[in-house]
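An overview of the molecular structure
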Amino acid sequence: QVQMVESGGGLVQAGGSLGLSCKASGSIFSINAMGWYRQAPGKQRELVAHIVGGGSTTYASSVKGRFTISRDNTNNTVNLQMNSLKPEDTAVYYCTAEGVYTGGYRGYDYWGQGIQVTVSS
């Protein structure tokens, strides 16, 4: 079984910074891509940032230039550094691991349990 454990998050004032971290654990051979999504109350879940094994990244336009995603392939960890936070960044943030191979014929996707980020104005 693969477990996704998120840490970080919390409450910060507008303009501040927070860091999120997520570790995938289990009998993992490889992970194709990792990322962060978020869901604000009353809104659909949306992609925040995404990083593939080779290091290529994708960001939502709303966070580009403020957030940075990074990945530690050795430790199966993905991090999200969030700077210049705005109240509209308030949401539950979920990490993902896509194409996780544990020895079978195909990879599977996994999600973290979600972690709250609240930005006060």
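All values derive from a computational prediction rather than experimental measurement. The written sequence of each chain sets the order in which its residues are numbered from 1. Only residues with pLDDT of 70 or above have their local features reported here, since the model is predicted, and side-chain atom pairs are shown and tallied only from 80 upward, although totals for entire chains, interfaces and linings are computed over all residues. Side-chain numbers here rest on the full set of heavy atoms in the structure, without hydrogens or water.

What to know about the environment of Gly-104
If you trace the backbone, Gly-104 turns up in the loop between strand E9 (91-101) and strand E10 (108-111). Remark: the alpha-carbon pair of Gly-104 and Lys-64, spanning 40 residues in sequence, is separated by 36 Å. Only runs of H or I of at least four residues qualify as helices and only runs of E of at least two qualify as strands under DSSP, and these elements are numbered from the N terminus.

Description of the pattern of salt bridges
Salt bridge criterion: a side-chain nitrogen from Lys or Arg within 4 Å of a carboxyl oxygen from Asp or Glu. Counted under the stated rule, the structure contains three salt bridges. Where Arg-38 meets Asp-89, a salt bridge forms, and the shortest distance between an N and an O atom there is 2.9 Å. One end of the pair, Arg-38, is in strand E4 (residues 30-39); the other, Asp-89, is in the loop between strand E8 (77-82) and E9, and 51 residues separate them in sequence. Per-residue accessibility, obtained with a 1.4 Å probe over protein chains only, is compared with the maximum for each type, and a residue is labelled buried under 20%, exposed over 50%, and partly exposed between these values. Relative accessible area serves as the criterion here: at 0%, Asp-89 is assigned to the buried category. Measuring nitrogen to oxygen at the nearest pair gives 2.8 Å for the salt bridge that ties Asp-89 to Arg-66.

Quick word on the sheet that holds strand E3 (residues 18-25)
In space, the four strands of this open sheet follow the order E1-E3-E8-E7, with antiparallel pairing throughout. The outermost strands of the open sheet, each flanked by one partner alone, are strand E1 (3-8) and strand E7 (67-72). Adjacent strand axes in the sheet meet at a mean angle of 15 degrees, parallel and antiparallel pairs treated alike. Bridge analysis of E3 against E8 gives six bridges, and the strand direction is antiparallel. The partner of Ser-21 across the bridge, within E8, is Asn-79. DSSP-based pairing: two strands are paired if at least 2 bridges between them are found. Helix axes use the C-alpha atoms of the stretch in contact, all axes being lines fitted to C-alpha atoms, and the angles between their N-to-C directions lie in the range 0 to 180 degrees.

Looking at the nonpolar core
For our purposes a nonpolar core is just a set of buried Ala, Val, Leu, Ile, Met, Phe, Trp, Tyr and Cys residues, chained together by side-chain atoms within 4.5 Å. Residues Met-4, Trp-36, Leu-80, Met-82 and Tyr-93 are the most contacted members of the largest nonpolar core, which totals 33 residues. Counting residues per element, the ones that place at least two in this core are E3, E4, strand E5 (46-52), E7, E8, E9 and strand E11 (115-120). Looking at which element gives the most residues to this core, the answer is E9, with five residues. Ignoring sequence-local partners within four residues, the contact set of Leu-80 consists of Leu-18, Gly-19, Leu-20, Trp-36, Val-48, Ala-49, Phe-67, Thr-68, Ile-69 and Tyr-93. In this analysis, two residues are considered to be in contact whenever any of their non-hydrogen atoms come within 4.5 Å of each other.

Notes on the side chain of Glu-6
Along the chain, Glu-6 turns up in strand E1. We call two N or O atoms a polar contact when they sit within 3.5 Å, provided that within protein one can donate a hydrogen and the other can accept it, with sequence-adjacent residues counted only if both atoms are side-chain atoms. A polar side-chain atom of Glu-6 sits 2.7 Å from the main-chain amide nitrogen of Cys-95. Engagement of the side chain of Glu-6 in a polar contact is seen with the backbone nitrogen of Gly-114, the distance being 2.6 Å.

Here's the deal with the side chain of Arg-71
Within the element layout of this structure, Arg-71 appears in strand E7. Here Asp and Glu are counted as negative and Lys and Arg as positive; His is not counted, and neither are the chain ends. Here Arg-71 occupies a buried position and makes no salt bridge, while the nearest side chain of opposite charge, Asp-72, is found at 8.0 Å. Polar side-chain contacts of Arg-71 include one of 3.2 Å to the backbone oxygen of Asn-32. Side-chain polar atoms of Arg-71 contact the side chain of Asn-73, separated by 2.5 Å. Aside from chain neighbours lying at most four places away, what touches Arg-71 is Ile-31, Asn-32, Ala-33, Met-34, Ile-51, Val-52, Gly-53, Thr-77 and Val-78.

Structural measurements only, silent on function.
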